[in-house]
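# Commentary on secondary and tertiary structure
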Amino acid sequence: MRSRIGVLLLAVSVSAASSAGEWIADTQAIMGTRVHVEVYHDDAALARSAIAAVMADMRRIDASMSPYIEASELSMMNREAATHAVTVSPELFGLLQRSLEFSVVTDGAFDVTFASAGRYYDYRASIAPDAATLEATLPAIDYRHLELIEPNLVRYHHPAVYVDLGGIAKGYAVDRGIAILQAHGIVEGIVEAGGDSRIIGDRHGRPWNVGVKDPRKDGAMAVLLPLANTAVSTSGDYERYFEKDGVRYHHIIDPDTGDSARAVRSVTILGPEATMTDALSTSVFVLGVEKGIELIDEHFPGVDAIVIDGDGRMHYSANLEPLR
Ligand code: AMP
Ligand code: MG
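So, here is what we can say about the structure in this document. (Residues numbered from 1 in each chain as written. Chains lettered and ligands numbered in written order. Predicted model: local features only at pLDDT ≥ 70, side-chain atom pairs only at ≥ 80, totals over all residues. Heavy atoms only, no water.)

Moving on, we get to the site of ligand 1. Lining the immediate surroundings of ligand 1 are 17 residues, of which Asp111, Ser235, Ile253, Asp278 and Thr282 lie closest. A distance of 3.0 Å separates a nitrogen atom of ligand 1 from a polar backbone atom of Ala109. Within the contact set of ligand 1, an oxygen atom lies 3.1 Å away from a side-chain nitrogen or oxygen of Arg240. Burial of ligand 1 by the surrounding chains reaches 97%, relative to a free accessible area of 500 Å². Per-element tally for the shell around ligand 1: the top contributor is helix 8 (residues 274-287), with 3 residues. By residue class, the composition of the shell around ligand 1 is 7 nonpolar, 5 polar and 5 charged. (Near = heavy atom within 4 Å. Polar contact = N/O pair within 3.5 Å; in protein donor to acceptor, adjacent residues only side chain to side chain. Areas by Shrake-Rupley, 256 points an atom, 1.4 Å probe, with all protein chains shown as cover. Helix = DSSP H or I, 4+ residues; strand = E, 2+ residues; numbered from the N terminus. Nonpolar A, V, L, I, M, F, W, Y, C, P; charged D, E, K, R; others polar.)

Interhelical geometry of helix 2 (residues 44-65) versus helix 7 (residues 169-183) gives an angle of 150° and a closest axis separation of 9 Å. By the angle class used here, helix 2 and helix 7 are roughly antiparallel. Every pair of crossing elements has a handedness; the one defined by helix 2 and helix 7 is right-handed. In this structure, helix 2 contributes Ala50, Ala53, Val54, Asp57, Met58, Arg60, Ile61 and Met65 to the contact, and helix 7 contributes Tyr172, Ala173, Val174, Arg176, Gly177, Ile180 and Leu181. Broken down by class, the residue content of the contact of helix 2 with helix 7 amounts to 11 nonpolar, 1 polar and 3 charged. (Axes fitted to C-alpha atoms, helices over the stretch in contact; angles between N-to-C directions. Parallel < 35°, antiparallel > 145°, perpendicular 65-115°, else oblique. Left-handed = near helix turned anticlockwise from the far one by under 90°. Contact = heavy atoms within 4.5 Å.)

This next bit is on helix 2. Since one α-helical turn is 3.6 residues long, residues separated by three or four positions face the same way. Helix length check: helix 2 (22 residues) gives 31 Å between terminal C-alpha atoms against 32 Å at 1.5 Å per residue, within 8%. Within helix 2, burial applies to Ala44, Ala47, Ala50, Ile51, Val54, Met55, Asp57, Met58, Ile61, Ser64 and Met65. In this structure, the buried side of helix 2 is in contact with strand 1 (22-30), strand 2 (33-41), helix 3 (73-80), helix 4 (90-105), helix 7 and strand 6 (189-193). (Expected span 1.5 Å × (residues − 1). Buried < 20%, exposed > 50% of the residue type's maximum accessible area, 1.4 Å probe, protein only.)

Quick look at the sheet that holds strand 15 (residues 314-316) now. Across the sheet, which stays open at both edges, the 8 strands sit in the order 1-2-6-7-10-13-14-15 with antiparallel pairing between neighbours. Two strands close off the open sheet at either side, each with one partner strand: strand 1 and strand 15. Put simply, the sheet's adjacent strands are angled 10° from each other on average, direction ignored. Here strand 7 (residues 196-200) pairs with strand 10 (residues 230-236) via 4 bridges, running antiparallel. Residue Ser197 lies in a different strand from strand 10, and its bridge partner there is Val232. Its contacts with the sheet place helix 2 against strand 1, strand 2 and strand 6, and it is angled at close to 20° to strand 1. On the sheet, helix 9 (residues 289-299) packs against strand 13 (264-271), strand 14 (304-309) and strand 15 and is oriented at approximately 175° with respect to strand 14. (Pairing = 2+ DSSP bridges.)

Spelled out as structure tokens, the structure:
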């Protein structure tokens with residue numbers, strides 16, 4: 001973490017004429033979630049325009065990658081890629097490549113084709129797909145059906161494949177937001193999109209306190225993490241769900257079954273960038289305590305995991321050994 005003195009010197013050198021800086025924040029509803037951006041700068045007008053640029057970029061990403069917007073590039077791809085190779089933007093192609101990398105390293109726990117069956121859940125209306133729908137769509141869940149042909153062609157090799165980037169796109173949008181802030185010369189700030197956040201610098205000499213929600217107690221925190229210079233994502237079974245006959249149906253799907261993953265209640269991942277922490281929080285949620293923590297310990301040095309299991313017990317990756 002940078003020292004407070006270093007931060008103050010930097011602020012002075014950026015704009016010697018103005019007095020002390022201030023925190024500027026904005027919150028908007030974008031991508032079906034709460035987007036919050038907060039930055040420190042001594043030029044409030046610059047801070048505001050940086051935040052506005054982040055919000056505009058989030059809206060742009062939503063318009064291109066939302067499965068709920070018929071005119072989005074993602075929807076176009078979903079309509080056509082099973083019949084012919086479709087040209088997509090370098091941005092969408094790149095995020096699909098990242099997604100496939102996570103599919104490979106997680107042995108398919110992270111799989112954007114989960115939505116081939118996952119699209120038939122309606123959490124607001126308490127609807128789960130019936131057995132016949134599951135049986136027909138389960139074979140379409142397999143990232144290997146997704147062929148990416150450089151530089152920007154996508155082809156699906158099963159007629160029922162449907163892609164949803166909900167497990168990685170918010171993290172990607174957060175990383176883009178941070179890059180936009182940095183391009184404006186901002187060195188202290190936070191970008192949050194629902195459960196995915198990234199912090200640059202610290203809270204002007206102090207850490208940000210990011211809470212991990214108690215999965216079964218509304219409004220309560222399981223743990224408070226003092227953080228600086230990191231991305232952090234939480235996936236929980238309490239975010240979007242309904243209960244039927246005592247069973248919780250929620251939005252994180254086990255690609256092997258097409259059913260909600262029920263081994264754990266929440267997963268928090270800390271790492272260098274939000275695209276990664278977003279994908280990994282969903283992945284570890286599907287993998288469960290043992291396999292999930294093993295994935296982080298073996299393949300992601302410098303990444304931390306906090307898992308709350310089905311009994312409410314906390315588990316930590318090896319890097320967080322002192323918390324165990
Ligand atoms: P998060 O809250 O970041 O874990 O993201 C949950 C979202 O990821 C869901 O709403 C789905 O859009 C998507 N998703 C669900 N299951 C999977 C999976 N097995 N692999 C990839 N994405 C998934
Ligand atoms: Mg995630």
